[in-house]
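# Per-entry structural report
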Amino acid sequence: MAAAFRDLELGEGNIGLGLAALGRPGYINLGHGGDFAGHTDVESMQERAHDVLDAAYDAGVRYFDAARSYGRAEEFLATWLALRGLGPDEVTVGSKWGYRYTAGWRIDAKVHEVKDLSLPHLEHQYEESREWLGTELRLYQIHSATLDSGVLDDPAVMEELSRLRANGLLVGFTVTGPQQRETIERALQVGEFDTVQATWNLMERSAQPALEAAHRQGLGVIIKEAVANGRLTPRGDTPLLTEVARELDTTEDAVALSAASHQPWVDVALSGASTVEMLRSNLTAREFTLDSEVLDRLDALREDPGTYWETRSDLSWN
């Protein structure tokens, strides 16, 4: 059996780096296209990814999160690990299976990824992930498990994940959508998971009770989309957040990440930075905690889960 997730090397200040915006030219983060200024050829994007990875590692980040559907994210991460000479005792690498990247490196693709949570797809994508990441891969996650997908109740998939787990690989799941809480609760009933990754931010907190329960049961808790795909950054239209950030002499994204990363039930909150400057701004979240008065004020940013996820689904790629 593998070591518990929280016993691995996770770095300083509960902040990791997710590669969703670094591994492909198109993504739904606000302003993503402008971050690359047209330099979206593979060589340029690999160089950018390596620069951000270097800055993250040099700043104490040790958890790195990729996925098969993040374009060339696993490839970029693997080449960077080789260049830095880093192994599984020095960093913790997680990836995901379940979506296939279909955009063909095009920003204007009609379909950027296709979901398939079947056993054959798990087996195929696991081999692909292992080909790039080898023994550095410590955590393998179901990408966007939902109740209606049926993956948590698929005996063939669960048996294969149990086999991988018995051989020392940590196994987790990520969730998405307005039923995150119910999906996590079902996964906790199923058991056999080491981590859960969910969206939690100042706008969408509905999964919190289930995440707290997962933490109590010993699962590692990873937070994604802490800045709501850019809505909780200077690029978003959130006057209250801007007001609080100015009062604290920091940035909107740092406030949002601080709120997530300092929750007592969180092991890692992911930065989704696509530039070194964005990463450095994100990492200032480690330097302060929000007091109860500020958190009470920011409670006004909460949205109904249905409204939040509808807004997210309307975000444009780039």
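## Quick look at the side chain of arginine 231
- Structurally, arginine 231 can be placed in the loop between strand E9 (220–224) and helix H8 (239–247).
- Apart from the residues within four sequence positions on either side, arginine 231 is in contact with Leu30, Met203, Gly236, Asp237, Thr238, Glu303, Tyr308 and Thr311.

## Things to note about the pattern of salt bridges
- Per the stated rule, a full pass over the model turns up 21 salt bridges.
- As a salt-bridge pair, arginine 106 and aspartate 108 come within 2.8 Å of each other at their nearest N and O atoms.
- In this structure arginine 106 comes out as partly exposed when scored by relative accessible area, which is 48%.
- Among the ionic pairs, aspartate 299 bridges to arginine 302, the shortest N-O distance being 2.5 Å.
- What makes aspartate 299 partly exposed here is its relative accessible area of 34%.
- One connected set of salt bridges, linked through shared partners, spans Asp54, Asp58 and Arg84.

## Topic: unusual backbone geometry
- One non-glycine residue, alanine 228, lies in positive phi territory at about 55°.
- Note on alanine 228: relative accessible area 1%, which makes it buried.
- For asparagine 318, which is not a glycine, the phi torsion comes out positive at approximately 65°.
- Structurally, asparagine 318 is set in the segment after helix H12 (305–313).
- Residue classification places asparagine 318 among the partly exposed residues on the basis of a relative accessible area of 31%.

## Details of the pairing of strand E1 (residues 15–18)
- With burial as the criterion, each face of E1 is covered, one bearing Ile15 and Leu17 and the other bearing Gly16 and Gly18.
- Pairing of E1 with strand E10 (residues 268–271) involves three bridges; the strand directions are parallel. For glycine 16, the partnering residue across the bridge sits in E10 and is leucine 270.
- Direction of pairing for E1 relative to strand E2 (residues 63–65): parallel, over a ladder of two bridges. Bridged to glycine 18 within E2 is aspartate 65.

## Thoughts on the pairing of strand E7 (residues 170–175)
- With respect to burial, E7 is a largely interior element, six of its six residues being buried.
- The alternating pattern of E7 places Leu170, Gly172 and Thr174 and Val171, Phe173 and Val175 on opposite faces, both of which are buried.
- Bridge count between strand E6 (residues 137–145) and E7: five bridges; the pairing is parallel. In the sheet register, glutamine 141 faces E7, and the bridge partner there is glycine 172.
- Note that the unit made of E6, helix H5 (residues 155–166) and E7 has a crossover that is right-handed.
- As judged from the three bridges shared by E7 and strand E8 (residues 195–199), these two strands associate in the parallel manner. Paired with threonine 174 across the two strands is glutamine 197, which belongs to E8.
- Crossover E7 to E8 through helix H6 (residues 180–190) is right-handed.

## Some words on the packing of helix H9 (residues 252–261) against helix H10 (residues 276–283)
- Packing of H9 against H10 leaves a shortest axis separation of 7 Å and a crossing angle of 50°. With respect to H10, the element H9 is oriented oblique. Note that H9 runs across H10; the crossing there is right-handed. Contacts from Asp253, Ala254 and Leu257 of H9 reach H10 at Met278, Ser281 and Asn282.
- Of the residues assigned to the contact of H9 with H10, the class counts are three nonpolar, two polar and one charged.

## Examining the sheet that holds E1
- The eight strands lie next to each other as E1-E2-E3-E6-E7-E8-E9-E10, forming a closed barrel whose pairing is parallel. Taken over all neighbouring pairs, the strand axes of this sheet differ in orientation by 30° on average, direction set aside.
- The sheet contact formed by E2 and strand E3 (residues 92–97) spans three bridges and is parallel. Its bridge partner lying in E3, phenylalanine 64 is registered against valine 93.

## Quick word on the side chain of asparagine 229
- With respect to the secondary-structure elements, asparagine 229 resides in the loop between E9 and H8.
- Polar contacts involving the side chain of asparagine 229 include one to the side chain of asparagine 29, which spans 3.1 Å.
- Contacts of asparagine 229, omitting those with residues within four sequence positions, involve Tyr27, Ile28, Asn29, Leu30, Tyr308, Arg312 and Leu315.

Reading guide: rules and limits
- Residues numbered from 1 in each chain as written.
- Predicted model: local features only at pLDDT ≥ 70, side-chain atom pairs only at ≥ 80, totals over all residues.
- Heavy atoms only, no water.
- Helix = DSSP H or I, 4+ residues; strand = E, 2+ residues; numbered from the N terminus.
- Contact = heavy atoms within 4.5 Å.
- Salt bridge = Lys/Arg side-chain N within 4 Å of Asp/Glu carboxyl O.
- Buried < 20%, exposed > 50% of the residue type's maximum accessible area, 1.4 Å probe, protein only.
- Pairing = 2+ DSSP bridges.
- Right-handed = clockwise from strand over helix to strand, strands pointing away.
- Axes fitted to C-alpha atoms, helices over the stretch in contact; angles between N-to-C directions.
- Parallel < 35°, antiparallel > 145°, perpendicular 65-115°, else oblique.
- Left-handed = near helix turned anticlockwise from the far one by under 90°.
- Nonpolar A, V, L, I, M, F, W, Y, C, P; charged D, E, K, R; others polar.
- Polar contact = N/O pair within 3.5 Å; in protein donor to acceptor, adjacent residues only side chain to side chain.

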